[in-house]
Every structure is written in structure tokens, then in C-alpha cells.
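Given next are the chains, with one letter for each unit.
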Amino acid sequence: MWDLTASKSISIVEKGAGHPIQSVSMASDASIIAAGNNHGRIFIFEHRQDERKFKLLKEFVAHEAYLLKCILSKNNRSLVTTSSDQTAKIWKVGDDYKLDKVLAQHQRWVWDAAFSDDSNYLVTASSDQSAKLWELSNGNVIRNYVGHSNAVTCVALNDSST
């Protein structure tokens, strides 16, 4: 991670040497950072403003297969991880980072995801040539976007009213 004020690099991951970080997400209030490596591990760091450091709060295995993305929701209450295991997993942000839901209707790798502005919906992108819109309250797919001739590897969502 780069400290732009000091113009220097800050090492935040001390464990997992040799396993590069695949994805990073920062909470909208900059209170925590989630980082995932390609071996399925998630590292949660707390931002210590007074010390200009990050403290490792939690480390856990999110997927047994290759982790592709980790993204914190806009309301900072959920974390989604995507994987080559064909799933997206929703984790409750908090002391225990408990697994809340496994979204498992894709047929191939799930590459990316994007939360809605209210954090109640999620769009996922997959190598199965589809994107899906999920209602997170029940874990159901409410819209399936098909017709792509290649893998869908990234998504973005803008559902704000402004």
C-alpha cells in the first residue's frame, strides 16, 4: 500500500509471503481494508489513523480454490469474495466475519462483483458468459444477463438516483 503523503510504501501483509495479493478493497469510511490472496485467504486490517499503520484484525480462508475478488459493500456491513470455485460468498463484516450466504448458480469462475448503492443487491460476472443480479436478503437471482459470446470478467453498477 502507498502512503501518498509520505511518498513511500507501507507493507500491510506480513503473513502469506510468496502468495501475491489478488484483490484489495477499502471501506467507504477507510476504517478497514480487506485483502485477498490467490490461495483463497482474506486478511482484514484496521486503519490506525493516529499511527498511520494497519493492524491485522482477522485472517480466514474464504475459498479453497483461487480467490479472484474481495469487495466491501458500500454500507461497510458485508464483504463479497469471488472464486474459481464458481461461487460468490457474502461475509458479515464484524468481529467474526461469519459466512452469510453462498451464491452458487454460476457454472464457471466468478470473476467480479459489484454491490448496489444500498448494499441490498449484488451483480456477479462469470466465465459462463453471464452476469447475475442477486437479491441479498434471500440469496436469489432476480435477473440473469445472458447473450455474451465470451466470459464476463468484470462488472460495474450504478443504481444511484443522482
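Reference entry: report on the structure contained in this document. (Residues numbered from 1 in each chain as written. Predicted model: local features only at pLDDT ≥ 70, side-chain atom pairs only at ≥ 80, totals over all residues. Heavy atoms only, no water.)

1. Comments concerning the side chain of Thr-82
Mapped onto the elements of the fold, Thr-82 is located in strand 8 (residues 78–83). Exposure remark for Thr-82: the relative accessible area of 1% places this residue in the buried category. Engagement of the side chain of Thr-82 in a polar contact is seen with the backbone oxygen of Trp-111, the distance being 3.4 Å. (Helix = DSSP H or I, 4+ residues; strand = E, 2+ residues; numbered from the N terminus. Buried < 20%, exposed > 50% of the residue type's maximum accessible area, 1.4 Å probe, protein only. Polar contact = N/O pair within 3.5 Å; in protein donor to acceptor, adjacent residues only side chain to side chain.)

2. Focus on the pairing of strand 14 (residues 140–145)
Relative to strand 14, strand 13 (residues 131–135) runs antiparallel, the two sharing five bridges. Considered in strand 14, the bridge of Ala-131 is made with Tyr-145. Linking two consecutive strands that pair antiparallel, namely strand 13 and strand 14, is a turn of four residues; a positive phi of about 75 degrees is found at Gly-139 within it. (Pairing = 2+ DSSP bridges.)

3. Notes on the pattern of salt bridges
All told, the structure shown has five salt bridges when counted by the stated rule. A salt bridge links Arg-41 to Glu-59; its shortest N-O distance comes to 2.8 Å. Here Arg-41, found in strand 5 (residues 41–48), pairs with Glu-59, found in strand 6 (residues 53–61); they are 18 residues apart in sequence, far enough to count as distant. Overall, Glu-59 belongs to the partly exposed group, its relative accessible area being 23%. (Salt bridge = Lys/Arg side-chain N within 4 Å of Asp/Glu carboxyl O.)

4. So, the packing of aromatic side chains
As enumerated under the stated definition, the model contains four aromatic pairs in all. An aromatic cluster is present here, built from Phe-60, Trp-91 and Tyr-97 joined pairwise through their rings. (Phe/Tyr/Trp six-rings, centres within 6.5 Å; stacked < 30°, edge-to-face > 60°.)

5. A look at the environment of Arg-77
As for its position among the elements, Arg-77 is in the loop between strand 7 (67–72) and strand 8. Along the chain, Arg-77 and Trp-91 lie 14 residues apart, while their C-alpha atoms are 8.6 Å from each other. Residues contacting Arg-77, with those up to four places away along its chain left out, are Trp-91, Lys-92 and Val-93. (Contact = heavy atoms within 4.5 Å.)

6. Here we look at the sheet that holds strand 12 (residues 121–126)
Strand order in the open sheet made by the four strands is 11-12-13-14, with antiparallel pairing throughout. Both outer strands of the open sheet, strand 11 (110–115) and strand 14, are each paired with one neighbouring strand and no more. Going from strand to strand, the sheet's axes swing by 25 degrees on average, the running direction of each strand aside. One ladder, built from five bridges, connects strand 11 with strand 12; its direction is antiparallel. Among the inter-strand pairings, Val-110 is bridged to a residue of strand 12, identified as Ser-126. (Axes fitted to C-alpha atoms, helices over the stretch in contact; angles between N-to-C directions.)

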